[in-house]
Every structure is written in C-alpha cells, then in structure tokens.
Protein chains: 2
Amino acid sequence: MKNFYMQLALNEAWKYQFLTYPNPAVGCVILDKNEKILSIKAHEKAGCNHAELNAISEAFKKLKPEISLPKEANALHEFICKNHQGIFKDSIAFVTLEPCSHQGKTPPCAKLFSELKFKKVFISVKDENKIASNGALYLKKQGIEVEFGILEEEGKKLLKPFLKWQKEQFKLFKLALSMNGSPYGKIVSNELSRTYAHQIRSAIDLLVIGGETIRADRPILDARLCKGKAPNICIKTHKNLEEFDKNIPLFKVPNRKIYTHIPEEAKFIMYEGGENFLKNFKDEIDMFLIFQSSNLNNKENIKIPLNLTPLFKANLGEDSYGIYEF
Amino acid sequence: MKNFYMQLALNEAWKYQFLTYPNPAVGCVILDKNEKILSIKAHEKAGCNHAELNAISEAFKKLKPEISLPKEANALHEFICKNHQGIFKDSIAFVTLEPCSHQGKTPPCAKLFSELKFKKVFISVKDENKIASNGALYLKKQGIEVEFGILEEEGKKLLKPFLKWQKEQFKLFKLALSMNGSPYGKIVSNELSRTYAHQIRSAIDLLVIGGETIRADRPILDARLCKGKAPNICIKTHKNLEEFDKNIPLFKVPNRKIYTHIPEEAKFIMYEGGENFLKNFKDEIDMFLIFQSSNLNNKENIKIPLNLTPLFKANLGEDSYGIYEF
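Residues numbered from 1 in each chain as written. Chains lettered and ligands numbered in written order. Predicted model: local features only at pLDDT ≥ 70, side-chain atom pairs only at ≥ 80, totals over all residues. Heavy atoms only, no water.

**Re the overall build of chain A**
Consideration 1: When helices and strands are tallied, chain A shows 9 helices and 15 strands.
Consideration 2: Here the C-alpha atoms of chain A give a radius of gyration of 22 Å, agreeing with the 20 Å that 2.2 N^0.38 yields for 326 residues.
Consideration 3: Taken over the C-alpha atoms alone, chain A extends approximately 65 × 40 × 40 Å along its principal axes.
Consideration 4: Here chain A holds 326 residues, and the buried ones make up 56% of them.
Consideration 5: Restricting to contacts in chain A with at least 6 residues of sequence separation, those with at least 24 account for 74%.
Consideration 6: Of the accessible surface of chain A, which amounts to about 14,300 Å², a share of 48% is contributed by carbon and sulfur atoms.
Consideration 7: Across chain A, the 48 positively charged side chains and the 39 negatively charged ones have centroids separated by 2 Å. (Helix = DSSP H or I, 4+ residues; strand = E, 2+ residues; numbered from the N terminus. Rg over C-alpha atoms; globule rule 2.2 N^0.38 Å. Buried < 20%, exposed > 50% of the residue type's maximum accessible area, 1.4 Å probe, protein only. Contact = heavy atoms within 4.5 Å. Areas by Shrake-Rupley, 256 points an atom, 1.4 Å probe, with all protein chains shown as cover. Lys, Arg positive; Asp, Glu negative; His and termini not counted. Charge placed at Lys NZ, Arg CZ, Asp CG, Glu CD.)

Set out below in structure tokens:
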C-alpha cells in the first residue's frame with residue numbers, strides 16, 4: 001500500500017502544480033498508528049503552509065474538532081506542538097519531497113514530525129536544495145524511520161517545473177481543444193478549466209501572447225475567475241506596440257507591464273495561443289497544459305505533428321486536462 | 001471519508017465496465033476495524049467472484065499470507081467462513097451495489113459479511129433486481145449496520161449499461177482519436193487501449209461494422225490481444241455479403257456468425273468505425289467509448305457536432321479514455 005498512499009499525495013500535489021511558484025508542488029498524506037487515513041493535503045501557494053503542516057493541521061482538526069487552530073503558519077506550528085497531547089504518536093507520513101529542515105517563511109517540517117513523535121516518514125524524492133535539505137537526516141537522528149524512493153519516478157515528474165524555473169526560465173504552453181481537436185470557438189473549455197488557467201496567470205511572471213490574437217479577440221488577459229493578479233504581458237508581434245488599438249482591454253489593466261520581448265528576470269512564463277502560435281514557439285516550450293472538452297464540433301482541428309508524453313492527467317468537471325512534455 | 005472510500009470502489013468497478021456482461025460492474029472496499037484499507041476489488045467477469053468475495057479474499061491474503069485459498073467461488077466462500085478466526089470482526093465494507101442475498105453461481109455475499117461479523121456495510125445503490133435483492137435487509141437482521149446512498153448518483157452511472165442490456169439492447173460506439181481529433185492512421189490508440197477494446201469484443205454479443213471499413217482495412221476483428229473469443233459480426237452494407245472478398249481475414253474466423261442485420265437476441269452490441277459510421281448511427285447509440293492518444297498529427301479531424309456527457313474518464317498508459325452518454 002506504500003505506493004497507493006504516495007500516489008494519493010502525488011495526485012493532491014498535482015492539483016496545485018504551477019500555483020506554488022516559485023516553490024515546488026508537494027503533497028502529504030497522514031495515517032494514524034493503525035494506518036487509517038487522517039488527511040491528504042498539498043502545498044497550495046507560495047507563502048502558505050507547507051504540505052506537511054497542512055496535512056497535520058487537517059488531521060488535528062479531525063481528531064480534535066473541538067479545538068480551533070490559528071491560521072498563520074508559525075503560530076499554527078507552535079500551537080500544534082504545544083497542544084497535540086500525543087495524538088500523533090506513531091503516526092505515519094507520506095511526503096512527495098523530503099521535508100525541510102530550515103526555518104523559512106514557515107517553520108521546519110522535519111521538526112514538526114519529530115515533536116509529534118511520528119513513527120515513520122515515507123519520502124518519494126530527496127531534496128537537493130542546499131538550504132532546505134537534510135530533513136531526513138534530522139528525522140533519523142530523532143529516531144524516526146525514513147524510507148526514500150517511494151514512486152520516485154513519479155515524484156521526480158512532479159518536481160520538473162520547479163527544477164527548471166529554479167535555475168532558468170520555465171515555459172508552459174496553454175492550449176484548449178474540443179474533443180475533436182479544434183481550438184476554435186469563443187469558449188472551448190469549461191469554467192473550472194478556465195479558473196485553473198487564471199490561477200496560473202496570477203502566479204506567473206509573464207504571459208506571452210500573439211499580436212494576431214490581440215487584434216482578433218481584444219482580450220483583457222486578467223485573472224478575474226480567481227480574483228487574482230493580472231499578469232504582465234509580452235506581445236509577440238512584428239508591429240510596434242504603438243500600432244495597437246489602446247482601447248483593447250488588456251492595455252487598460254492598471255500597473256501591468258507590457259513587453260515585446262521576454263525579460264530575463266521572468267522565470268515562469270506561460271504562452272497562450274492557437275495553431276500558429278504553437279507552430280512558431282513549440283520548440284522553446286518546456287511543458288504543455290492542454291485542456292480538452294467533452295464536445296465534438298464541426299470545426300477544423302489543429303494540425304501539427306507533436307508526440308507528447310503525459311506527466312499528469314485529470315478531470316475538471318466534464319473537461320479533461322493533461323500536463324505534457326515533448 | 002465515506003465518499004472517498006466509495007469512490008475507490010467505484011473507480012475499481014469502472015475498470016471492468018462492459019467486461020462483466022451480462023452482470024453489473026460492482027466494486028468493493030474493505031477496511032479493518034481501525035479503518036485501515038485492506039482491499040479494493042471489483043467483479044471482473046461474469047461467472048467469476050462477486051466484488052465482495054474478491055475483496056474479502058484479497059484482505060484475507062493480506063492478513064493471513066501463510067494460508068493459501070481455494071480458487072473456485074463456492075469453495076472459497078466456504079473456506080473463508082470456516083477459517084477466518086475472527087480477523088474480520090468489526091470490519092467495514094463499501095459496496096457500489098447492494099450485496100446479493102441469493103445463491104447464484106456464487107454464494108450470497110450478504111451471508112459472507114454476516115458470517116465474518118462485519119460491523120457496517122456502506123452501499124451506494126439499492127439492488128432493484130427481484131431475485132438478488134434484499135441483501136441489506138438480511139444484513140440488518142444479522143445486526144450489521146447498513147447505510148445506503150453513498151455517492152448514489154455516481155453508483156447509478158456505473159449501473160447504466162447493466163440496466164439497459166438487462167431489459168433491451170445496449171449499444172456502445174467505440175472510437176479512437178488522436179489528441180487533435182483525428183481517427184485516421186493505422187494505429188491510433190496504444191496497446192493497453194486496444195487490449196481493453198478486445199476484452200470488450202470478447203464479452204459482447206455482436207460487433208457492428210461498416211462494409212466500407214471491411215473493404216478498406218481488411219480486418220480480422222478478433223480479440224487476440226486478450227486471447228478472447230472473436231465476436232459475431234454484423235456488416236452494415238448496401239451490398240450482398242456474397243460480394244465481399246472472402247479472403248478478408250474476418251471471414252475466416254471459425255464458428256463466427258455474420259449478419260447483415262442486428263438479431264433481436266443480441267443484447268450488448270458494439271459499433272466500431274470512423275466519422276461516417278458515427279454520423280449514420282449516433283442516434284441509436286447508448287454510450288460512446290472514446291480512446292484518445294497523447295499525440296497530435298497533421299491529419300483531418302472528425303467533424304460532427306456532438307455534446308457528450310462523461311460518465312467516467314481514466315488513463316490507459318499514455319492514452320486517455322472516456323465513457324460518455326449523449
């Protein structure tokens with residue numbers, strides 16, 4: 001069952017893939033000493049709780065529903081350490097990435113497992129980050145069993161975007177298709193899919209878009225579906241920016257920077273477009289996020305030979321989506 | 001967590017959807033008295049163990065790995081009842097369909113839960129079948145708690161093919177597409193997808209195919225990938241059967257019946273074809289099974305307006321597939 005529980009942690013983490021930028025996506029499952037599942041949680045957003053703290057506080061709420069927990073990570077960590085009354089003794093954790101051992105914006109997760117007297121921590125992938133790593137060593141020193149390498153290949157897939165944006169630029173191409181492969185029509189994907197795309201827009205450094213799309217669709221390119229921050233834009237165009245109609249809504253978003261090149265400091269970049277944009281830029285893309293509806297229509301499909309390798313696939317309502325590499 | 005465990009049972013059952021014909025697809029999850037997951041199993045094929053017996057024998061193997069179990073359902077049922085030594089006392093079961101209370105090819109599952117002193121059985125959907133039903137009533141009389149209606153809507157979706165083929169004809173259309181919606185090319189879906197399709201071929205009463213496809217592809221239309229029984233065929237054609245080249249492999253399959261109409265006694269019928277076949281027959285189809293690869297190509301797509309409602313979606317290796325209603 002080790003793989004089963006780790007897969008639950010991985011799936012939960014994938015739900016927040018890209019949204020944790022610049023942090024890695026991480027998932028955590030907690031079992032009690034009898035191996036009953038207590039919680040399945042993930043790191044959801046940079047600056048928010050790590051997956052481990054989220055999972056432990058969720059489990060705490062289940063075991064002690066009468067106690068209300070503080071919200072802020074440091075206070076939450078401290079509160080749980082003081083008030084756990086031994087309820088996590090001999091518990092078991094599955095974490096997709098080695099727990100951190102350093103005090104960052106949030107306290108070290110390895111310390112939390114040890115304070116709560118966990119029996120064993122299963123880890124998919126070792127953390128190679130010099131500052132945060134050595135959580136496993138800390139755990140072992142505290143007498144907690146550690147087992148590495150559970151679904152390690154899967155764990156490494158989950159980390160791929162993080163490993164890329166950490167050292168250079170990570171480029172994601174977003175595409176929405178009907179089931180018969182057509183990107184045409186005003187709205188192709190459903191609201192859940194578009195909300196996820198807007199959440200990504202509010203996490204990225206830069207949205208890259210074609211001049212053609214801007215003139216045809218006159219978009220706003222914000223993150224309204226998740227009430228998030230509208231991204232800065234790079235317009236790929238042969239024209240001068242001055243030639244665009246400044247009444248197109250995207251130009252009216254306050255505090256938005258608009259580029260015609262990709263600034264070096266942008267580390268997480270999303271491309272949005274259709275067939276031509278994909279043809280022009282596919283070779284510089286790291287990953288593809290493809291939403292696909294459950295509808296067929298009588299429109300033309302995208303025609304481009306592209307053998308993709310799925311890293312993860314899931315459903316958002318009646319839509320499917322996949323995250324793919326070349 | 002009730003919904004979580006029932007979803008596991010449902011997902012497991014869906015893996016064998018269509019393959020259990022003429023029986024319903026059913027899944028079962030067993031938890032021990034401390035709510036640790038012991039097993040997740042399904043009914044896999046008519047004449048084989050019910051989901052409940054499969055799940056209980058899987059759990060038995062986990063708890064008593066030193067004891068080897070008999071294979072045949074009646075012997076297995078009897079052996080477990082005699083040798084359980086109380087290991088299932090206060091266990092919990094999640095079953096997608098009310099356990100049967102009658103002796104069919106296999107012994108009544110309700111009796112098994114009661115002999116093993118289960119504490120509680122969660123059920124998604126009540127069994128309306130007059131012969132097999134009343135399992136819940138039996139369980140309650142034996143002092144076992146029963147709770148109905150867990151993910152009932154999902155449970156009803158799982159039963160839809162069964163409810164249709166039980167009283168009239170159930171027609172499934174199988175389609176394989178590239179990610180950009182093209183059905184063209186010799187092999188579109190991967191071996192796992194094609195094996196599932198062959199398993200269905202070996203379960204159905206009749207495979208319906210177009211005369212055009214037969215002349216163009218010269219197929220054999222057997223179930224070689226699962227070493228299963230080649231289905232009987234109905235050829236939809238305006239020509240006489242005599243006009244086909246009898247060297248086309250499908251005509252050489254021994255003991256195969258070939259029709260040009262659908263015989264009334266065929267209850268589970270699969271249509272296989274492309275765009276024209278889909279256009280001609282979509283209105284008489286109950287469900288669509290659509291495989292989709294992770295590859296895009298430069299071929300034409302299928303063009304037909306069709307808003308489908310997914311009942312279930314999953315992956316087979318790098319392919320996705322969905323089971324849809326109109």
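**Quick word on the domain arrangement of chain A**
All names here are of chain A.
Consideration 1: Assigned domains within chain A: domain 1 (2-155) and domain 2 (168-325).
Consideration 2: Placing the centre of domain 1 and that of domain 2 at their C-alpha centroids yields a distance of 33 Å.
Consideration 3: Listed as interface residues are 7 residues of domain 1 and, on the opposing side, 14 residues of domain 2.
Consideration 4: Area buried by domain 1 at its contact with domain 2 is led by Trp 14, Phe 18 and Tyr 21, which between them contribute 71% of it.
Consideration 5: Across the contact surface, domain 1 and domain 2 share 2 residue pairs in polar contact (both at pLDDT 80 or more).
Consideration 6: Of the residues that constitute the side of domain 1 that touches domain 2, the class distribution is 4 nonpolar, 2 polar and 1 charged. (Domains from an automatic or database assignment. Buried area = accessible area lost by both parts, 1.4 Å probe. Polar contact = N/O pair within 3.5 Å; in protein donor to acceptor, adjacent residues only side chain to side chain. Nonpolar A, V, L, I, M, F, W, Y, C, P; charged D, E, K, R; others polar.)

**Re the packing of helix α1 (residues 2-14) of chain B against helix α6 (residues 152-167) of chain B**
All names here are of chain B.
Consideration 1: At a closest axis distance of 11 Å, the pairing of α1 and α6 adopts a crossing angle of 10 degrees. In terms of their interaxial angle, α1 and α6 are classed as roughly parallel. Touching Gln 7, Leu 10, Ala 13 and Trp 14 of α1 are Glu 154, Gly 155, Lys 157 and Leu 158, all from α6.
Consideration 2: Looking at the contact of α1 with α6, its residues break down into 4 nonpolar, 2 polar and 2 charged. (Axes fitted to C-alpha atoms, helices over the stretch in contact; angles between N-to-C directions. Parallel < 35°, antiparallel > 145°, perpendicular 65-115°, else oblique.)

**Notes on the packing of aromatic side chains**
Consideration 1: The full count for this structure, using the stated rule, is 52 aromatic pairs over all chains.
Consideration 2: Measuring from ring centre to ring centre gives 6.5 Å for B:Phe60 and B:Phe79, while their planes differ by 70 degrees; the resulting arrangement is edge-to-face. With a gap of 19 residues between them, B:Phe60 in helix α2 (residues 51-63) and B:Phe79 in helix α3 (residues 73-83) connect regions that are remote in the sequence.
Consideration 3: B:Phe79 gets classed as partly exposed once you look at its relative accessible area, which sits at 25%.
Consideration 4: Members of the aromatic cluster, connected to one another through ring pairs, are A:Phe173, A:Tyr271, A:Phe277, A:Phe281, A:Phe288 and A:Phe326.
Consideration 5: Geometry around A:Phe251 places A:Lys246 over its ring, the cationic atom sitting 5.0 Å from the centre. (Phe/Tyr/Trp six-rings, centres within 6.5 Å; stacked < 30°, edge-to-face > 60°. Lys NZ or Arg CZ within 6 Å of the ring centre and 35° of its normal.)

**Brief notes about unusual backbone geometry**
Consideration 1: Following A:Tyr21, the chain continues to A:Pro22 via a peptide bond in cis, the omega torsion being 5 degrees.
Consideration 2: Within the element layout of this structure, A:Pro22 appears in the loop between α1 (2-14) and β1 (27-31).
Consideration 3: At A:Leu221, a residue that is not glycine, the phi angle is positive and equals roughly 55 degrees.
Consideration 4: Within the secondary structure, A:Leu221 sits in the loop between α8 (211-217) and β8 (233-236).
Consideration 5: Of note in this structure, B:Gln85 is not a glycine but carries a positive phi near 50 degrees.

**Quick look at the relation of the copies chain B and chain A**
Consideration 1: Once turned by 180 degrees and shifted 0.0 Å along the axis, chain B lies on chain A with an RMSD of 0.0 Å. The transformation relating the two chain copies, once decomposed into turn and shift, fits a two-fold axis.
Consideration 2: A high fraction, 100%, of the interface residues of chain B reappear at the interface in chain A, so the copies pair face to face through one surface. (Least-squares fit on C-alpha atoms with pLDDT ≥ 70 in both.)

**Some details on the interface of chain B and chain A**
Consideration 1: Between chain B and chain A, the contact holds 39 residues from the first and 39 residues from the second.
Consideration 2: The junction of chain B with chain A conceals about 3,300 Å² of combined surface from both sides, 54% of it contributed by carbon and sulfur atoms.
Consideration 3: Contact with chain A buries area across many residues of chain B, yet B:Met179, B:Leu296 and B:Lys313 alone supply 19% of it, more than any other trio.
Consideration 4: Where chain B packs against chain A, one counts 4 salt bridges.
Consideration 5: Taking the shortest distance from any N to any O, the salt bridge between B:Lys303 and A:Glu300 comes out at 3.2 Å. (Salt bridge = Lys/Arg side-chain N within 4 Å of Asp/Glu carboxyl O.)

**Points about the pattern of salt bridges**
Residues and elements named next belong to chain A.
Consideration 1: For the coordinates displayed, the defined rule picks out 42 salt bridges over all chains.
Consideration 2: Close ionic contact of Asp 90 with Lys 89 constitutes a salt bridge, the shortest N to O distance being 3.5 Å.
Consideration 3: A salt bridge links Lys 120 to Glu 145; the shortest N-O distance between them is 3.6 Å. On the criterion of sequence distance, the pair formed by Lys 120 in strand β4 (residues 120-125) and Glu 145 in strand β5 (residues 145-147) is long-range, its members being 25 residues apart.
Consideration 4: For Lys 120, a relative accessible area of 16% gives the class buried.
Consideration 5: Look at Glu 145 and you get partly exposed, because its relative accessible area is 43%.
Consideration 6: Salt bridges sharing common partners tie together Lys 2, Lys 120, Glu 145 and Glu 147.

**Brief notes about helix α7 (residues 191-203) of chain B**
All names here are of chain B.
Consideration 1: The end-to-end C-alpha distance of α7, which contains 13 residues, comes to 18 Å, matching closely the 18 Å that a straight helix rising 1.5 Å per residue would cover.
Consideration 2: When we look at burial in α7, the residues that qualify are Ser 193, Thr 195, Tyr 196, Ala 197, His 198, Ile 200, Arg 201 and Ala 203.
Consideration 3: Its side-chain oxygen placed 3.1 Å from the backbone nitrogen of Leu 192, Asn 190 serves as the N-cap of α7. (Expected span 1.5 Å × (residues − 1).)

**Topic: the sheet that holds strand β1 (residues 27-31) of chain B**
Residue and element names in this part refer to chain B.
Consideration 1: The strand order across the open sheet built from 5 strands is β2-β1-β3-β4-β5, with neighbouring strands paired in mixed fashion. A single partner strand is all that each edge strand has here, and the edge strands are β2 (37-42) and β5 (145-147). Mean inter-strand twist for the sheet, computed between neighbouring axes without regard to direction, equals 15 degrees.
Consideration 2: Sheet topology places strand β3 (residues 92-97) next to strand β4 (residues 120-125); 5 bridges connect them, and they run parallel. Residue Ala 93 lies in a different strand from β4, and its bridge partner there is Val 121.
Consideration 3: Against the sheet, α1 makes contact with β1, β2, β3, β4 and β5, and its axis sits at roughly 50 degrees relative to β3, the strand it touches most. (Pairing = 2+ DSSP bridges.)

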